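# Coordinate inspection notes
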Amino acid sequence: MKNDLKKYTDSGIEIKPVYSQTDCKQNLEQPGEFPFTRGIQKDMYRGKLWTMRQYAGFSTAEESNKRYHYLLSQGVNGLSVAFDLPTQIGYDSDHPLAEGEVGKVGVAIDSLEDMKTLFKGIPLENVSTSMTINATGFILLAFYVAMAKQQGADLQKISGTIQNDILKEYAARGTYIYPPKPSLRIVTDIFEWCSQELPKWNTISISGYHIREAGSTAVQEIAFTLSNGKAYVKAAQKKGLDINVFGKRLSFFFNAHNNLFEEIAKFRAARKLWATIMKDLGATDPKATMLRFHTQTGGSTLTAQQPLNNISRVTIQTLAAVLGGTQSLHTNGYDEALSLPSEEAAKIALRTQQIIAFETGVADCSDPLAGSYFIESLTTEIEMEALKLIEKIDALGGSVNAIETGFMQNEIAHSAYEYQKKIETGEKIIVGLNKFQTQEEVSQGSPTIKDEIRNIQIEKILTLKKHRDNDKVSKLLSQLSEKAKTEENLMPYVIEAVENNCTLGEISDALRKVFGEYK
């Protein structure tokens, strides 16, 4: 049993009462220099602030479009789209399994027409769009590309990110459709197609966020995420793709929690580890070894009790992300433990970023905590502990094998159990939850999504199918199924299908026939 007088980070790393020069190695490289521990740009935020994104999407495309216009008017410079569960797992809104879920955790997108409505009045060349979508990511990207072409936008200028990280779905989240191998094939098809047609698009956002939300520690978050990254790189190399080309378009997505110094050190350690991994895999272009990442503040850290306390939590997490060198950031609304964020909560979340950017001075200096004996020591400790886990996964044959044998899932479940146990015993204090409690009424002032949304979406689908060329749709879906049996890149055929009004569910089913479903 750990001595009560000792202190530990949330990953179980012991913290000394005081640190000195003997506790840390001297990092000689400057920001912008390999292995990028201190940041990927020399000037960091003096040159350009991080992209301020707000994750939004609910109900119908029409309702979400209104929220996007509002956010853009308030100073957001990047949109981040949340999709509902049926969209995430490849079912149209009229599918029996979609009942009760349409528009609930994000926006319902069944067709190109929905996508056009979602971005109505938003010129795609002028905004960076991030889409949190995995199993059906290739279809949503096809919708986006088809819409951009209809807008007359130059695909060479379109920028954004598609999450497209299917491996963490098997380990932590569950919104997969196909087995791992065909899923990896789709991921690398996207890499290949975008490198030629959509050069400014980040083709994957390798996600530690959901791994952390499932209960992992900070160390496990970066170890499992970087191991998944290795699997994607190796799959792309096996396909014959150039690591120095596709490596520049890889991005990551991390969580920020409340243990300020551990989170800052985690981001610094992750950059160093990834740069070394990419170099070992053959990358020679420094830009292909840079770990670029988006951060979202920790949803699992928000409490329904005393929800205004969450503003303080989000502020601390924002500081951790910025001091750790994030490239873009989403801040959660204080009422998200209750339901979808209210407009007031979304505005405060955005203002939190803006106050830190423009009022605190933390963006004026690159890697301002460099040289701190504590930060440098903690960065090294996290790096070493994460490396041990990465080596374990390598010994198991890589991420796919580690997931298929349940290694990652078991490690995450164990950490989640231990953390919850500490909260229940009071060893871990959560203000307002297990200490400093007050009697209060739980407010439900946030937006709620009505079940009638499904009827609206079904009506749209019926209208679409009535007016499209259904013979051509059948031919294109058959063609897609046949191409899935070959090694040909699927993206051109998916884009052709969406341009001719095939729905998301129909395209998903065309591939289900060939790839099957993962159980």
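Figured I'd write up the structure that's included with this text.

Conventions and cut-offs
- Residues numbered from 1 in each chain as written.
- Predicted model: local features only at pLDDT ≥ 70, side-chain atom pairs only at ≥ 80, totals over all residues.
- Heavy atoms only, no water.
- Helix = DSSP H or I, 4+ residues; strand = E, 2+ residues; numbered from the N terminus.
- Rg over C-alpha atoms; globule rule 2.2 N^0.38 Å.
- Buried < 20%, exposed > 50% of the residue type's maximum accessible area, 1.4 Å probe, protein only.
- Contact = heavy atoms within 4.5 Å.
- Areas by Shrake-Rupley, 256 points an atom, 1.4 Å probe, with all protein chains shown as cover.
- Core = buried A, V, L, I, M, F, W, Y, C linked by side-chain atoms within 4.5 Å.
- Salt bridge = Lys/Arg side-chain N within 4 Å of Asp/Glu carboxyl O.
- Polar contact = N/O pair within 3.5 Å; in protein donor to acceptor, adjacent residues only side chain to side chain.
- Pairing = 2+ DSSP bridges.
- Right-handed = clockwise from strand over helix to strand, strands pointing away.
- Phe/Tyr/Trp six-rings, centres within 6.5 Å; stacked < 30°, edge-to-face > 60°.
- Axes fitted to C-alpha atoms, helices over the stretch in contact; angles between N-to-C directions.
- Left-handed = near helix turned anticlockwise from the far one by under 90°.
- Nonpolar A, V, L, I, M, F, W, Y, C, P; charged D, E, K, R; others polar.
- Patch = residues over 30% accessible without salt bridge, like charges linked within 9 Å, V, L, I, M, F, W, Y side chains within 5 Å.
- Expected span 1.5 Å × (residues − 1).
- Arc of directions from axis to C-beta.

This part takes up the overall build of the protein chain. Within the protein chain, the secondary structure is distributed over 19 helices and 11 strands. Since a compact globule built from 519 residues should have a radius of gyration of about 24 Å, the 23 Å found for the protein chain is in line with a globular shape. Projected onto its principal axes, the C-alpha positions of the protein chain cover 75 × 55 × 45 Å. The buried share among the 519 residues of the protein chain stands at 57%. By sequence separation, contacts in the protein chain at least 24 residues apart represent 79% of the contacts at least 6 residues apart. Working note: accessible area of the protein chain is about 21,800 Å², and carbon and sulfur atoms make up 51% of it.

As a further point, take the nonpolar core. By size, the foremost hydrophobic cluster in this structure holds 131 residues, and its most contacted members are Met115, Phe119, Phe138 and Ile507. The leading source of residues in this core is helix 4 (residues 137–151), at 11 residues.

Our focus in this paragraph is the pattern of salt bridges. Taken as a whole, this structure holds 29 salt bridges when the rule is applied. Among the salt bridges present, the one from Asp394 reaches Lys230, with a minimum N-O distance of 2.8 Å. Residue Asp394 is located in helix 13 (residues 373–395), and its partner Lys230 is located in helix 8 (residues 218–238); the two are separated by 164 residues in the primary sequence. Note on Asp394: relative accessible area 35%, which makes it partly exposed. A salt bridge links Glu488 to Lys483; its shortest N-O distance comes to 3.2 Å.

It is worth spelling out the environment of Gln296 at this point. Positionally, Gln296 belongs in strand 10 (residues 293–297). In this view, Gln296 contacts Tyr55, Tyr209, Phe253, Phe254, Asn255, Ala256, His330 and Asn332; residues no more than four positions away in its chain are not counted. Among the polar contacts listed, one links the side chain of Gln296 to the side chain of Tyr209, at a separation of 3.4 Å.

Of all five residues that make up strand 10, five are buried, and the element is covered over most of its length. As paired elements, strand 9 (residues 250–256) and strand 10 share five bridges and run parallel to each other. When the sheet's bridge partners are listed, Phe254 is paired in strand 10 with Thr295. The handedness of the strand 9 to strand 10 crossover, carried by helix 10 (residues 260–280), is right-handed. Of the pairings in the sheet, the one linking strand 10 to strand 11 (residues 328–330) comprises three bridges and is parallel in character. Within the sheet, the bridge partner assigned to Thr295 lies in strand 11 and is Leu329. Between strand 10 and its parallel partner strand 11, the chain crosses via helix 11 (residues 309–323), and the hand of that crossover is right-handed.

Summed over all chains, the structure comprises 19 aromatic pairs. Relative to Phe407, the ring of Phe224 has its centre 6.4 Å away and its plane inclined at 75°; by these criteria the two rings are edge-to-face. Of this pair, Phe224 sits in helix 8 while Phe407 sits in helix 15 (residues 407–425), and the two are 183 residues apart along the sequence. Take Phe224 and Phe407: they sit in the same class, and that class is buried.

Turning our eyes to something else, we now look at unusual backbone geometry. Backbone torsion omega between Phe34 and Pro35 reads 5°, so that peptide bond is classified as cis. When you line up the elements, Pro35 lands in the loop between strand 2 (14–15) and strand 3 (51–56). Even without being a glycine, Asp367 presents a positive backbone phi close to 45°. Tracing the backbone through its elements, the reader meets Asp367 in the loop between helix 12 (343–359) and helix 13. Given the relative accessible area of 7%, Asp367 is considered buried.

With respect to the helices, strands and loops of the structure, Ala61 is situated in helix 1 (residues 61–73). Dropping the residues within four chain positions of it, Ala61 is found in contact with Val107, Ile109, Asp114, Thr117 and Leu118.

Right, let's get into the packing of helix 4 against helix 18 (residues 491–499). Running from N to C, helix 4 and helix 18 point in directions that differ by 60°, and their axes come no closer than 9 Å. Crossing of helix 4 against helix 18: the hand is right-handed. Note on element contacts: helix 18 touches helix 4 through Met491, Val494, Ile495, Val498 and Glu499, opposite Phe138, Ile139, Leu141, Ala142, Phe143, Val145, Ala146 and Lys149. Its residues placed into classes, the contact of helix 4 with helix 18 shows 11 nonpolar, no polar and two charged.

This part covers a nonpolar patch on the surface. Residues Ile429, Val431 and Phe436 make up a contiguous nonpolar surface patch of about 280 Å² in total accessible area. Structurally, Val431 can be placed in the loop between helix 15 and helix 16 (452–467). According to the relative accessible area criterion, Val431 is partly exposed, its value standing at 37%.

Moving on to the sheet that holds strand 4 (residues 78–82). One open sheet accounts for nine strands, arranged 7-6-5-4-3-11-10-9-8; its pairing is parallel. Pairing within the sheet leaves two strands with one partner each, and these edge strands are strand 7 (201–202) and strand 8 (204–207). Contacts from helix 1 reach strand 3 and strand 4, with the element oriented near 155° to strand 4. The strands that helix 11 touches are strand 9, strand 10 and strand 11; relative to strand 10, the one it contacts most, it runs at about 165°.

Here helix 15 is 19 residues long and its end C-alpha atoms lie 27 Å apart, about the 27 Å a rise of 1.5 Å per residue gives. Inspection of helix 15 places Phe407, Met408, Ile412, Ser415 and Ile423 among the buried residues, and these make up the whole buried set. Projection of helix 15 onto a plane perpendicular to its axis shows the buried side chains occupying an angular sector of 145°, all on one side. Looking at helix 15, the residues exposed on the side facing more than 90 degrees away from the buried face are Asn410, Tyr417, Glu424 and Thr425.

All we've got here are geometric facts, nothing functional implied.
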